[in-house]
Amino acid sequence: MTYRLDPNAQPVESARPVTYQAIYRGITYFVRKTDCLLTPPAHLQDLMVAMAENPEIIKDYLQGFNHPPSLSPWFFEPVAAKNYLAQKNAMPSIYCKTVLAV
């Protein structure tokens, strides 16, 4: 891709050309995230509670706005979400109350 800033300028090549596949991949994750928020699955409540309790999780979630593929698979899949929460040592208080009540 060539741009000319003025009549005497040399051609400038784009350092990283954007391909259709890269755009489509980003849009696909964005749509998945939007659909997940519009019709939330059961594991999403656990993630939201954990976000309120752990700043690292909210940081990872907000990074998903800049780079939607970073939410996969922990935001979309229940088993991956549970493993992610265990990795972050942030089992939601719902689980803690259940364990303590028993």
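In this text, all values refer to a predicted model and were calculated from it rather than measured experimentally.

**Q** Honestly, the nonpolar core in this entry has me stumped. Any pointers?
**A** When a protein is soluble and globular, its nonpolar side chains tend to lie buried together. Core analysis: the largest hydrophobic core is formed by 15 residues, its most contacted members being Leu 47, Trp 74 and Phe 75. Of all the elements, helix α2 (residues 42-53) adds the most residues to this core, at four residues.

**Q** I keep staring at α2 and nothing clicks. Help me out?
**A** Because an α-helix packs 3.6 residues into every turn, residues spaced three or four apart end up facing the same way. Every buried residue belonging to α2 is among His 43, Leu 44, Asp 46, Leu 47, Ala 50 and Met 51, and all of these are buried. Down the axis of α2, the buried set is contained in an arc of 155°. They therefore lie on one face. Opposite the buried face of α2, by more than 90 degrees, sit the exposed residues Ala 42, Gln 45 and Ala 52.

**Q** I'm lost on the packing of aromatic side chains in this one. Help?
**A** The relation between two aromatic rings is expressed through the spacing of the ring centres and the mutual angle of the planes. Inspection of the entire model under this criterion finds five aromatic pairs. Judged by centre distance (5.6 Å) and plane angle (35°), the rings of Tyr 61 and Phe 75 are tilted. Linking Tyr 61 in helix α3 (residues 55-66) with Phe 75 in the loop between α3 and α4 (78-87), this pair joins segments that are 14 residues apart in sequence. A ring pair is formed by Phe 75 and Phe 76, whose centres lie 5.6 Å apart and whose planes are at 90°; its orientation type is edge-to-face. Exposure class is identical for Phe 75 and Phe 76. Each is buried. Of the aromatic side chains, those joined through ring pairs into one cluster are Tyr 61, Phe 65, Trp 74, Phe 75, Phe 76 and Tyr 84.

Calculation rules
The residue numbering used here restarts from 1 in each chain and proceeds along that chain's sequence as written. The predicted origin of the model limits local features to residues at a pLDDT of at least 70 and limits the giving and counting of side-chain atom pairs to 80 or more, whereas totals for whole chains, interfaces and linings rest on all residues. Where side-chain values are given, they derive from all heavy atoms of the structure, hydrogens and water being excluded. The nonpolar core is taken to be a set of buried Ala, Val, Leu, Ile, Met, Phe, Trp, Tyr and Cys residues, with the residues joined through side-chain atoms within 4.5 Å. Note on exposure labels: buried denotes an accessible area under 20% of the residue type's maximum, exposed denotes more than 50%, and partly exposed covers the range between, all computed with a 1.4 Å probe on protein chains only. Working definition: helices are DSSP H or I runs of at least four residues, strands are E runs of at least two. Numbering for both runs from the N terminus. The directions from the helix axis to the C-beta atoms form the arc being described. Only Phe, Tyr and Trp rings are paired, with Trp represented by its six-membered ring, and only when their centres lie within 6.5 Å; those with planes under 30 degrees apart are stacked, over 60 edge-to-face, the remainder tilted.

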